[in-house]
Amino acid sequence: MPSFRSGVVCEILSERTGLQRVLVRFAAGVAPQRAYNLTELTGAVALGDEVVCNTTAVQLGLGTGGWHVVHWNLANPNLTVPGDGHIMKLRYTSLQTNTGSVEEHLGEIATDLGGVPVVGCTLHSQVGVVAAAFATRRPDARLAYVMTDAAALPLALSDLVHQLVGQGLLCGTVTVGHAFGGTKEAVTLASGLALARSVLRADAIVVGMGPGVVGTGTTLGHTALELAEIVHATATLGGRAVVCLRVSQADPRERHRGVSHHSLTALAHVRPGTPYLVAVADEHSGVDLAVLPSAATRVDISVGDVDALLAAQSLGITTMGRNVDQDTDFFRFAAAAGFVAASMVR
């Protein structure tokens, strides 16, 4: 069950389209705590506003990074935020919102991806490394990001995507399913891929969940399993799937060391005969590649290469709090996927 507390906004930490970060004081004499406010759902808040915050994730110690979520602004009891159509996301909840969708405005669009490479990721941090590597090899090409609803639903929450778009490393974004806030809204993953190609005019696409990932330590109980769906949808629509492996030598959990069980389980659920490529960093890493269910496409890439491409784009990406020096293979394998996709652009 959720937990809620009311408090007063005592400081605005930062603001951008769709997102405010604030400090909320829940009781006199108690230090204020951090919260973020999704303005597309709740409107903007101001200093002195009394707000109700969902405190559940912080109380459970989950991956919100210590941030509560503003649920409602009591200083603004009436709110109307015009939508862009009649398609609802977060359907049948008290926060359902009419985001609209490209499909309802454009009707039928081209469904053939025309052989564009589609990189499937299982962690949000991989998206930034893929984008940086792709831009290094093909600065003239357009890369779009399709964000699924397997983790965070609001795209506005992603500092990484905000930076990638601002620096021109992404030509646009599509949020699919119940994810929302992209350049374009789509109803399904398949439709999102088609929109990225035909509307955003992407030469390549990177697909994956937003910040966060749901995992239980069990074989099937994790949202990274959606990688199989990404591969299937890509193949069905005439794209060329490139798998970005989750690899680590630094993760303290055995199931994520070497090639993560998230990647292996997802690939095990790809239907036999479905075409896809697995991008592999070729420098020796001690990773047992014999566990892969498909032949790998090898890319010669060193730690120095990854450092250089991230520095060139001023990207300070971390994964689970670890940087490229602390979790080298994670970054090398993600960069390899970006390089492979770049080499496939026609």
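Report follows, based on the coordinates. Since the structure is predicted, the reported quantities are computational estimates derived from the model, not experimental observations.

1. Overview of the sheet that holds strand β5 (residues 68-73)
Taken in spatial order, the five strands close into a barrel running β1-β2-β3-β5-β4, and their pairing is mixed. In this sheet, neighbouring strand axes are inclined to one another by 55° on average, regardless of whether the strands run parallel or antiparallel. As judged from the two bridges shared by strand β3 (residues 33-38) and β5, these two strands associate in the parallel manner. Residue pairing in the sheet places Tyr36 in a bridge with Val69 of β5.

2. Some thoughts on the nonpolar core
Proteins that are soluble and globular tend to have nonpolar side chains buried together. In this structure, Val119, Val206 and Leu245 are the most contacted members of the largest nonpolar core, which totals 65 residues. Setting aside anything within four residues of it in sequence, one finds Val119 in contact with Val130, Ile205, Val206, Val207, Val242, Cys244, Ala337 and Ala341. Of all hydrophobic cores here, the second largest spans 20 residues; its members include Val102, Val118, Val176 and Ala233.

3. As for the packing of helix α4 (residues 124-137) against helix α5 (residues 159-166)
Packing of α4 against α5 leaves a shortest axis separation of 10 Å and a crossing angle of 20°. Between α4 and α5, the interaxial angle falls into the category roughly parallel. Crossing geometry of α4 relative to α5 is assigned as left-handed. In this structure, α4 contributes His124, Ser125, Val127, Gly128 and Ala131 to the contact, and α5 contributes Leu160, Val161 and Leu164. Residue composition of the contact of α4 with α5, by class: five nonpolar, three polar and no charged.

Parameters and conventions
- Residues numbered from 1 in each chain as written.
- Predicted model: local features only at pLDDT ≥ 70, side-chain atom pairs only at ≥ 80, totals over all residues.
- Heavy atoms only, no water.
- Pairing = 2+ DSSP bridges.
- Helix = DSSP H or I, 4+ residues; strand = E, 2+ residues; numbered from the N terminus.
- Axes fitted to C-alpha atoms, helices over the stretch in contact; angles between N-to-C directions.
- Core = buried A, V, L, I, M, F, W, Y, C linked by side-chain atoms within 4.5 Å.
- Buried < 20%, exposed > 50% of the residue type's maximum accessible area, 1.4 Å probe, protein only.
- Contact = heavy atoms within 4.5 Å.
- Parallel < 35°, antiparallel > 145°, perpendicular 65-115°, else oblique.
- Left-handed = near helix turned anticlockwise from the far one by under 90°.
- Nonpolar A, V, L, I, M, F, W, Y, C, P; charged D, E, K, R; others polar.

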